[in-house]
Amino acid sequence: MHTGFKSLDEIIEINKGDLVIVASRPAMGKTAFVSTVANYVLNTEKKPVLFWELEEEEKKIKRRLISLNSMIEMKKIEIYSNQENKLKEFSEEDINRIIFCTDFVNNLSIYILDKPTHYIGYICSKSQEVTKESNIKLIIIDYLQLIKCNVLTSREDQITEILRRLKLLAKS
């Protein structure tokens, strides 16, 4: 599977069963990066995607996808979506692209789950259920640190258990 980033695709190869973790400091663009990868997989590779959004709401991810597909910056999409009486900032062409891309994104094979349940057991079982029903080829979990685990020891042990379970999920 490719990411849509040619230089990255030349360095790494993502295969079925791989667990890939994108990590960096806060506000460095991790969500924007994985949204771009999801958009590439959906549009170019034509493969269904499951996107766990543990920090933001589903509508924020959809706005990112609308921005990517319409080539209109996210900030303007937010203004349009919030109906802040600033529609005069948009050309008729922009409005038409946003409307078209909103419909386009709503018809993509992306399943966005932004439920408040962040326990690893629920995430794994729901992912397996959706994967079986919809032939999911890519699962993205945005914000690993928000996943909870029933292991009652240190956070380090919890992260180890969460990663073990995610690796098993990737292999299944």
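Our structure is the block above this text.
On a predicted model such as this, the values are computed, not experimentally measured, just so you know. (Residues numbered from 1 in each chain as written. Predicted model: local features only at pLDDT ≥ 70, side-chain atom pairs only at ≥ 80, totals over all residues. Heavy atoms only, no water.)

Undergrad: What exactly am I supposed to notice about the overall build of the protein here?
TA: Assigned secondary structure in the protein consists of seven helices and three strands. For the protein, the N- to C-terminal ordering of α and β elements is α-α-β-α-α-α-β-α-β-α. Relative to a compact globule of 172 residues, whose C-alpha radius of gyration would be 16 Å, the protein shows 17 Å and is just as compact. Scored against the burial criterion, the 172 residues of the protein give a buried share of 37%. (Helix = DSSP H or I, 4+ residues; strand = E, 2+ residues; numbered from the N terminus. Rg over C-alpha atoms; globule rule 2.2 N^0.38 Å. Buried < 20%, exposed > 50% of the residue type's maximum accessible area, 1.4 Å probe, protein only.)

Undergrad: Explain the sheet that holds strand 1 (residues 49-53) here, please?
TA: Backbone-to-backbone hydrogen bonds pair the strands of a sheet. The strands run either parallel or antiparallel. Strand order in the open sheet formed by three strands is 2-1-3, and the pairing between neighbours is parallel. Each edge of the open sheet is held by one strand with a lone partner, namely strand 2 (110-113) and strand 3 (138-142). Along the sheet, successive strands turn relative to each other by an average axial angle of 15°, direction set aside. In the sheet, strand 1 pairs with strand 3 via five bridges, with the strands oriented parallel. Paired with Leu50 across the strands is Ile139, a residue of strand 3. Those strands touched by helix 6 (residues 120-134) are strand 1, strand 2 and strand 3, and its axis lies near 155° from that of strand 1. (Pairing = 2+ DSSP bridges. Axes fitted to C-alpha atoms, helices over the stretch in contact; angles between N-to-C directions. Contact = heavy atoms within 4.5 Å.)

Undergrad: Honestly, helix 4 (residues 74-82) in this entry has me stumped. Any pointers?
TA: Because the α-helix completes a turn every 3.6 residues, residues three or four places apart line up on one side. Within the span of helix 4, buried status applies to Met74, Lys76, Ile77, Glu78, Ile79 and Tyr80. Elements that come into contact with the buried residues of helix 4 comprise helix 3 (58-70) and helix 5 (92-106).

Undergrad: Could you clarify how one ought to interpret the side chain of Asp142 in this entry?
TA: Structurally, the position occupied by Asp142 is in strand 3. Although Asp142 lies buried, it forms no salt bridge, and the closest oppositely charged side chain, Arg64, sits 6.5 Å away as judged by the N-O distance. Among the polar contacts listed, one links the side chain of Asp142 to the side chain of Thr31, at a separation of 2.6 Å. What Asp142 contacts, discounting residues up to four positions off in sequence, is Thr31, Phe51, Trp52, Glu53, Leu54 and Glu55. (Lys, Arg positive; Asp, Glu negative; His and termini not counted. Salt bridge = Lys/Arg side-chain N within 4 Å of Asp/Glu carboxyl O. Polar contact = N/O pair within 3.5 Å; in protein donor to acceptor, adjacent residues only side chain to side chain.)

Undergrad: Can you walk me through the packing of helix 3 against helix 4 in this structure?
TA: To characterise two packed helices, one gives the angle between the axes of the helices and the distance between these axes. Look at helix 3 against helix 4: their axes get within 9 Å of each other, and the N-to-C directions meet at 120°. The orientation of helix 3 relative to helix 4 falls into the category oblique. Helix-helix and strand crossings are classified by hand; for helix 3 and helix 4 the assignment is right-handed. Contact residues: helix 3 offers Lys60, Arg63, Arg64, Ile66, Ser67 and Ser70, while helix 4 offers Met74, Ile77, Glu78, Ser81 and Asn82. (Parallel < 35°, antiparallel > 145°, perpendicular 65-115°, else oblique. Left-handed = near helix turned anticlockwise from the far one by under 90°.)

Undergrad: Is there a simple way to explain the environment of Ile61 in this structure?
TA: Position of Ile61 relative to the elements: it lies in helix 3. By relative accessible area, Ile61 is classed as buried at 0%. Counting along the chain gives 70 residues from Ile61 to Thr131, while the straight-line C-alpha distance between them is 20 Å. The residues contacting Ile61, other than those within four sequence positions of it, are Thr31, Ser35, Phe51, Glu53, Glu56 and Ile112.

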